[in-house]
Amino acid sequence: MYLGRVRAKGFKSLLDMDVPLRQGVTVVVGENNAGKPNFIDALRLLTDPLDGRRSRWWEAEDVHPWAESGAELTAV
């Protein structure tokens, strides 16, 4: 099983993001302050850790202050 798409709305700096992922390897690149670590945080929240220990939980700071309806993460 693999992730085919990740959607984030109102999560940190990702106000409205929809990223298709390919089976195999997906490379995330972008300028500084583009939100790459925030995308990785979204992946960590959407997937179960391999060792069974979660090191990342939702926090109040994860919701962008301009997001009127809160934050939403979706993985397909």
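Residues numbered from 1 in each chain as written. Predicted model: local features only at pLDDT ≥ 70, side-chain atom pairs only at ≥ 80, totals over all residues. Heavy atoms only, no water.

- The name that an unreviewed UniProt entry assigns to the protein chain is ATP-dependent endonuclease of OLD family, with the source organism given as Streptomyces demainii.

**What about the overall build of the protein chain?**
Item 1. Assigned secondary structure in the protein chain consists of one helix and three strands.
Item 2. For 76 residues, the compact-globule estimate of 2.2 N^0.38 gives 11 Å, and the C-alpha radius of gyration of the protein chain, at 13 Å, lies within 12% of that figure.
Item 3. Within the protein chain, buried positions represent 25% of all 76 residues.
Item 4. Taking the contacts inside the protein chain whose residues are at least 6 apart along the sequence as the reference set, 54% of them involve residues at least 24 apart.
Item 5. Counting 10 positive and 11 negative side-chain charges, the protein chain places the centres of these two groups 6 Å from one another. (Helix = DSSP H or I, 4+ residues; strand = E, 2+ residues; numbered from the N terminus. Rg over C-alpha atoms; globule rule 2.2 N^0.38 Å. Buried < 20%, exposed > 50% of the residue type's maximum accessible area, 1.4 Å probe, protein only. Contact = heavy atoms within 4.5 Å. Lys, Arg positive; Asp, Glu negative; His and termini not counted. Charge placed at Lys NZ, Arg CZ, Asp CG, Glu CD.)

**Considerations on the pattern of salt bridges**
Item 1. Within the structure shown, the criterion is met by four salt bridges.
Item 2. Ionic pairing is found between Asp18 and Arg7, a salt bridge with its closest N-O pair at 3.5 Å. Of this pair, Asp18 sits in strand β2 (residues 14-20) while Arg7 sits in strand β1 (residues 5-11), placing them 11 residues apart in sequence.
Item 3. Several salt bridges share partner residues, and in doing so they unite Arg5, Arg7 and Asp18 into one network. (Salt bridge = Lys/Arg side-chain N within 4 Å of Asp/Glu carboxyl O.)

**Quick word on the side chain of Asp62**
Item 1. By the secondary structure assignment, Asp62 is in the loop between α1 (36-46) and β3 (72-75).
Item 2. Exposure remark for Asp62: the relative accessible area of 1% places this residue in the buried category.
Item 3. A distance of 2.9 Å separates the side chain of Asp62 from the backbone nitrogen of Glu59, its partner in a polar contact.
Item 4. Ignoring anything within four residues of it in the chain, the contact list for Asp62 reads Gly10, Phe11, Lys12, Leu45, Arg56 and Trp57. (Polar contact = N/O pair within 3.5 Å; in protein donor to acceptor, adjacent residues only side chain to side chain.)

**Brief notes about the nonpolar core**
Item 1. By size, the foremost hydrophobic cluster in this structure holds 11 residues: Val6, Ala8, Phe11, Leu14, Met17, Leu21, Phe39, Ala42, Leu43, Leu45 and Leu73.
Item 2. Top element by residues in this core is α1. It accounts for four residues.
Item 3. Ignoring sequence-local partners within four residues, the contact set of Ala8 consists of Leu14, Leu15, Asp16, Met17, Glu72 and Leu73. (Core = buried A, V, L, I, M, F, W, Y, C linked by side-chain atoms within 4.5 Å.)

**Overview of the pairing of β1**
Item 1. Pairing of β1 with β2 involves six bridges; the strand directions are antiparallel. Considered in β2, the bridge of Arg7 is made with Asp18.
Item 2. Relative to β3, β1 runs antiparallel, the two being bridged by four bridges. Residue pairing for β3: Val6 is matched across the bridge by Ala75. (Pairing = 2+ DSSP bridges.)

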